[in-house]
Amino acid sequence: MADNLYFTEAKETVLRFITKEYATMPEKLVSMLLNNFYKFTSYEEESKQIKPRIFFTSNIDMINKNIPNCYKLQLFSDEDEQFFNSRLKSLLVFCLNDWTVYIEHKDNKYNYGICKVFNSIKEKSLAELIFENEILLNTEKFNLIYIDTLSSYAIGLRGIKGGNIIINFSINDTNFLNRENVIKRFVNASFSKLKTTKNKLNEIKILYENILKRAINDIHGAICVVVDKDFKDPKGYFADGVWLNEPIEFSKTFLMTRSYSEAKLTNIAELFIAMLNYDGITIVDNIGRIRAYNVFIKSDRLTKKNVTGGARKRAAYAIINSGMKKIVGVYFHSQDGEIFYEEVKK
């Protein structure tokens, strides 16, 4: 007879987290949350995979009032939790368009809706703005738990009182807590030689981080290689690919002018995501230019070391271990959520 294995430790961790972050959450709502946990990692509607983002809160208006340009739309209000599953099903599809679902328990009612911050792609996301807002952080009776689906087997929970945990349904030891740091290291490398003011540099880094966070949710894995601005490829290491005659320069899109086009900025960001999503490697340099995409390296150059993963991961490590001059580092993320940035070994 087979042994039954349960994620009891994970359940107990989540319950402790809820007790700290949202002690007044009704017991039946806690049960609904736990029962739906496993569904979030593989949620689909009409063959489209959705990575749910959900706020459980005691007061959605606190967010709406204290986050500039925040918009919330309440769609349902019930006397009890019996419609929880059907309400969630009807709302999660909006996550495909960058909305966040909210579930509010207030005045003995269960209110369901969606919310979003209407700002520029170069500004921070709604979740980031919430967790750095001093009023929300210091309001004692305000409760908020944010659920973010990180991959096909991992879910993040963050609370307004400082709690931050990740539930990993895989038996592999993947460090999702390091994701923010990986993205920042990659972004810093991508603009390490861009000469501009500190404020402008910070703006473009936020833009780039936002693009990458969106890419993680929208694409099936990627390799992006950072090269020096003076990089040349005389030996043809990256010859098999599409090199742009005119590199795309994020900085010149808006940082070097008094005004910029939000539509142009958004479309260039979407173009970069499409390139990342294309087969092969995308190449950028350290003044923030997109240089090439759909790049492949020859199979005889792939790493011979014991690397767990497919051809994309072996290609990433082949570049990291190549020792080639003027290659700065490699950003990698897989469809199942693994992510890293490593400098090229000299």
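Rules used in this analysis
- Residues numbered from 1 in each chain as written.
- Predicted model: local features only at pLDDT ≥ 70, side-chain atom pairs only at ≥ 80, totals over all residues.
- Heavy atoms only, no water.
- Pairing = 2+ DSSP bridges.
- Helix = DSSP H or I, 4+ residues; strand = E, 2+ residues; numbered from the N terminus.
- Axes fitted to C-alpha atoms, helices over the stretch in contact; angles between N-to-C directions.
- Left-handed = near helix turned anticlockwise from the far one by under 90°.
- Contact = heavy atoms within 4.5 Å.
- Nonpolar A, V, L, I, M, F, W, Y, C, P; charged D, E, K, R; others polar.
- Disulfide = S-S within 2.5 Å.
- Buried < 20%, exposed > 50% of the residue type's maximum accessible area, 1.4 Å probe, protein only.
- Phe/Tyr/Trp six-rings, centres within 6.5 Å; stacked < 30°, edge-to-face > 60°.
- Lys NZ or Arg CZ within 6 Å of the ring centre and 35° of its normal.
- Core = buried A, V, L, I, M, F, W, Y, C linked by side-chain atoms within 4.5 Å.
- Parallel < 35°, antiparallel > 145°, perpendicular 65-115°, else oblique.

Chemist: It is not clear to me how the sheet that holds strand 3 (residues 53-57) should be interpreted in this structure. Could you clarify?
Modeler: What the seven strands build is an open sheet, ordered 4-6-5-3-7-8-9; its pairing is mixed. Strands at the two margins of the open sheet, each flanked by one partner only, are strand 4 (70-78) and strand 9 (164-168). Taking the axes of each pair of neighbouring strands and ignoring which way they run, one obtains an average angle of 20° across the sheet. Note that strand 4 and strand 6 (residues 109-117) share eight bridges and pair antiparallel. Bridge assignment links Cys 70 to a residue of strand 6, and that residue is Val 117.

Chemist: Hey, could you run me through the packing of helix 1 (residues 8-21) against helix 2 (residues 27-40) in this one?
Modeler: For any two helices packed against each other, one specifies the inter-axial angle together with the distance between the axes. In the contact formed by helix 1 and helix 2, the axes pass within 12 Å of each other and the chain directions differ by 140°. Relative to helix 2, the crossing made by helix 1 is right-handed. Here Lys 11, Val 14, Leu 15 and Ile 18 of helix 1 come into contact with helix 2, specifically with Val 30, Leu 33, Leu 34 and Phe 37. Grouping the constituent residues of the contact of helix 1 with helix 2 by class yields seven nonpolar, no polar and one charged.

Chemist: Hey, could you run me through the state of the cysteines in this one?
Modeler: Summed over all chains, the structure comprises zero disulfides. Cys 115 supplies the cysteine sulfur nearest to Cys 95, a cysteine that is in no disulfide, at a spacing of 9.6 Å. Accessibility expressed as a relative area gives 6% for Cys 95, which makes it buried. In this structure Cys 115 is a free cysteine whose sulfur lies 5.4 Å from that of Cys 70, the closest cysteine sulfur available.

Chemist: I keep staring at the packing of aromatic side chains and nothing clicks. Help me out?
Modeler: In this description, an aromatic ring pair is defined by two values, namely the gap between the centres and the angle between the planes. All chains considered together, the criterion is met by 18 aromatic pairs. Judged by centre distance (5.2 Å) and plane angle (40°), the rings of Tyr 317 and Phe 340 are tilted. Residue Tyr 317 is found in helix 11 (residues 311-320), and its partner Phe 340 is found in strand 15 (residues 339-343); the two are separated by 23 residues along the sequence. Members of the aromatic cluster, joined through ring pairs, are Phe 186, Phe 191, Tyr 208, Phe 272, Tyr 331 and Tyr 341. Above the face of the Phe 83 ring, Arg 87 is positioned so that its terminal group lies 5.0 Å from the ring centre. Of note, Arg 158 hangs over the ring of Phe 131, and the distance from its end group to the ring centre comes to 4.2 Å.

Chemist: Any chance you could explain the nonpolar core here in plain terms?
Modeler: The nonpolar side chains of a soluble globular protein tend to be buried with one another. With 36 residues, the main nonpolar core has Tyr 208, Phe 250, Phe 272 and Tyr 331 as its most contacted residues. Elements supplying a minimum of two residues to this core: helix 7 (179-190), helix 8 (198-218), strand 10 (221-227), helix 10 (262-277), strand 13 (289-296) and strand 15. It is helix 8 that provides the largest number of residues to this core, a total of eight residues. When residues no more than four places from it in sequence are discounted, the contact partners of Tyr 331 are Val 182, Phe 186, Leu 212, Ile 216, Ala 222, Ile 223, Cys 224, Ile 339, Phe 340 and Tyr 341. Counting residues in hydrophobic clusters, the runner-up holds 33 residues, among them Ile 18, Phe 56, Tyr 110 and Ile 155.

Chemist: Is there a simple way to explain the pairing of strand 5 (residues 100-106) in this structure?
Modeler: Strand residues, when the strand is regular, have side chains that alternate between the two faces of the sheet. The buried count for strand 5 comes to six of seven residues, which makes it a mostly enclosed element. Judged from the four bridges that link them, strand 3 and strand 5 form a sheet pairing that is parallel. The residue bridging Ile 54 from the neighbouring strand is Val 101, located in strand 5. Of the pairings in the sheet, the one linking strand 5 to strand 6 comprises seven bridges and is antiparallel in character. Along strand 6, the bridge assignment pairs Lys 106 with Lys 109.

Chemist: What is the right way to read the packing of helix 2 against helix 4 (residues 84-91) from this model?
Modeler: It is the contact of helix 2 with helix 4, at a shortest axis distance of 11 Å, that shows an interaxial angle of 45°. In this view, helix 2 runs oblique relative to helix 4, as classed from their interaxial angle. In the crossing of helix 2 with helix 4, the sense of the turn from one axis to the other is right-handed. Of the residues in helix 4, those in contact with Leu 29, Met 32, Asn 36 and Phe 40 of helix 2 are Phe 84, Asn 85 and Leu 88. Residues belonging to the contact of helix 2 with helix 4 are distributed by class as follows: five nonpolar, two polar and no charged.

Chemist: Just to check I follow, could you spell out the sheet that holds strand 15 for this structure?
Modeler: To summarise the sheet geometry, strands pair through backbone hydrogen bonds and adopt either a parallel or an antiparallel arrangement. With respect to topology, six strands assemble into an open sheet ordered 11-13-12-10-14-15, the strand pairing being mixed. A strand with exactly one partner marks an edge of an open sheet, and here the two such strands are strand 11 (240-249) and strand 15. On average, each strand axis in the sheet is inclined to that of its neighbour by 20°, with strand direction left out of account. Across three bridges, the pairing between strand 12 (residues 281-285) and strand 13 is antiparallel. Along strand 13, the bridge assignment pairs Val 284 with Ile 290. Along the sheet, helix 7 contacts strand 10, strand 12, strand 14 (327-334) and strand 15; its crossing angle with strand 15, the most-contacted strand, is approximately 40°. Strand contacts of helix 11: strand 10, strand 12, strand 14 and strand 15, with the helix running at about 165° to strand 14, the strand carrying the most contacts.

Chemist: Teacher, can you tell me more about the pairing of strand 13 here?
Modeler: Extensive coverage of strand 13 is indicated by the burial of seven of its eight residues. Looking at chain direction, strand 11 and strand 13 are connected through five bridges and run antiparallel. In the sheet register, Asp 240 faces strand 13, and the bridge partner there is Phe 296. Adjacent in sequence and paired antiparallel, strand 12 and strand 13 are bridged by three residues, among which Gly 288 carries a positive phi angle near 80°.

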